[in-house]
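Letter by letter, the chains look like this.
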Amino acid sequence: MSSVKRNRYIDGKLLLAYPDNYTVLDIETTGLSPQNDYITEISAIKYRNNRRVDEFSSLVKPELSIPYYITRLTGINDAMVADAPAIDEVILSFMDFLADDIIAGYNVAFDLSFIAENLAGHYAKRLANDYVDVMKLAQNELPFLGRYKQTAVAEYFNIATAGAHRALVDCNICNGCYQKLKELAVADYHLPPKQKELAIVPSFRRLRPLADKKIVLLGSFDGLYLKNL
């Protein structure tokens, strides 16, 4: 969904970094406004040393009927959330799960704005967690890509996107992108052994005009610069 301005209830800082310990967050909502729309699903996956250790996922019953176009996008309908807990209950459970972790997400300002608005509205608390926007990392590491929707970046890395627009699936897609971007950006970093190695898809290989050419680089380079080259 489209980016939003920094929420008035967010105290955490945007980090242009690649932490090893973090929690990936994604939400689904009835619309784009954190003041006027409602969360329908919250999911999060906790990572330690870049490995998945725990997850949180809950549907949320909104205070209005879910618009038809949102159901078409996410697959979440009124019947699915009829018996789901309300946001005041879910947000407490989610914050207990999150604790003081760094949050990672794709275009994460959107997700944080809804979390912060509900945390403030129901409990008069502010969101203090620092956060990483994986979309900004993709823009830094893949300046030639042109399209930065999560599905476009996932396609570049050959990450499956089936089931996208459900929160837990999007968390997994986001972390796949994060890990591949980290491998590009951080010297001597490699994907955790149990994660599947991801290859570049052929459609993007055709966009690399220097492929199969012999290139000679002269001079001295530090480790990070050499890796990026």
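Please read all numbers here as calculations on a predicted model, not as lab measurements.

### Observations concerning helix 3 (residues 87-98)
No. 1: Along its 12 residues, helix 3 runs 16 Å from first to last C-alpha, staying within 8% of the 16 Å computed at 1.5 Å per residue.
No. 2: Those residues of helix 3 lying buried are I87, V90, I91, F94, M95, F97 and L98. Down the axis of helix 3, the buried side of the element spans an arc of 155°, and every buried residue falls inside it.
No. 3: Packed against the buried residues of helix 3 are strand 1 (22-29), strand 2 (39-48), strand 3 (51-59), strand 4 (103-105) and helix 4 (108-123).
No. 4: Where helix 3 terminates, the next one or two residues include A99, which has phi positive at roughly 55°.

### Notes on unusual backbone geometry
No. 1: Positive phi is not limited to glycine here, since N107 has a value of about 50°.
No. 2: Looking at the element boundaries, N107 is found in the loop between strand 4 and helix 4.
No. 3: Phi angles above zero are rare outside glycine, and H165 is one such case at about 80°.
No. 4: With respect to the helices and strands, the residue H165 is situated in the loop between helix 6 (150-156) and helix 7 (167-185).

### Let's talk about the confidence of the model for the protein
No. 1: Scored by pLDDT, the protein has a mean of 89; 85% of the residues are at 70 or more.
No. 2: In the model, residues 195-207 has pLDDT below 50 throughout and makes 27 contacts with residues more than four positions away in sequence or in other chains.
No. 3: Counting interchain partners and residues more than four positions distant, the pLDDT-below-50 stretch residues 224-228 has 12 contacts.

### Focus: the pattern of salt bridges
No. 1: Summed over all chains, the structure comprises 9 salt bridges.
No. 2: The partner of E183 in a salt bridge is K180, and the shortest N-O contact between them spans 2.9 Å. Of this pair, E183 and K180 both sit in helix 7, 3 residues apart, roughly one helical turn. Accessibility classification places E183 together with K180 in one group, the buried group.
No. 3: Three or more residues are tied together by salt bridges with common partners; here these are K46, R48 and D101.

Conventions adopted
- Residues numbered from 1 in each chain as written.
- Predicted model: local features only at pLDDT ≥ 70, side-chain atom pairs only at ≥ 80, totals over all residues.
- Heavy atoms only, no water.
- Helix = DSSP H or I, 4+ residues; strand = E, 2+ residues; numbered from the N terminus.
- Expected span 1.5 Å × (residues − 1).
- Buried < 20%, exposed > 50% of the residue type's maximum accessible area, 1.4 Å probe, protein only.
- Arc of directions from axis to C-beta.
- Contact = heavy atoms within 4.5 Å.
- pLDDT = per-residue confidence, 0-100.
- Salt bridge = Lys/Arg side-chain N within 4 Å of Asp/Glu carboxyl O.

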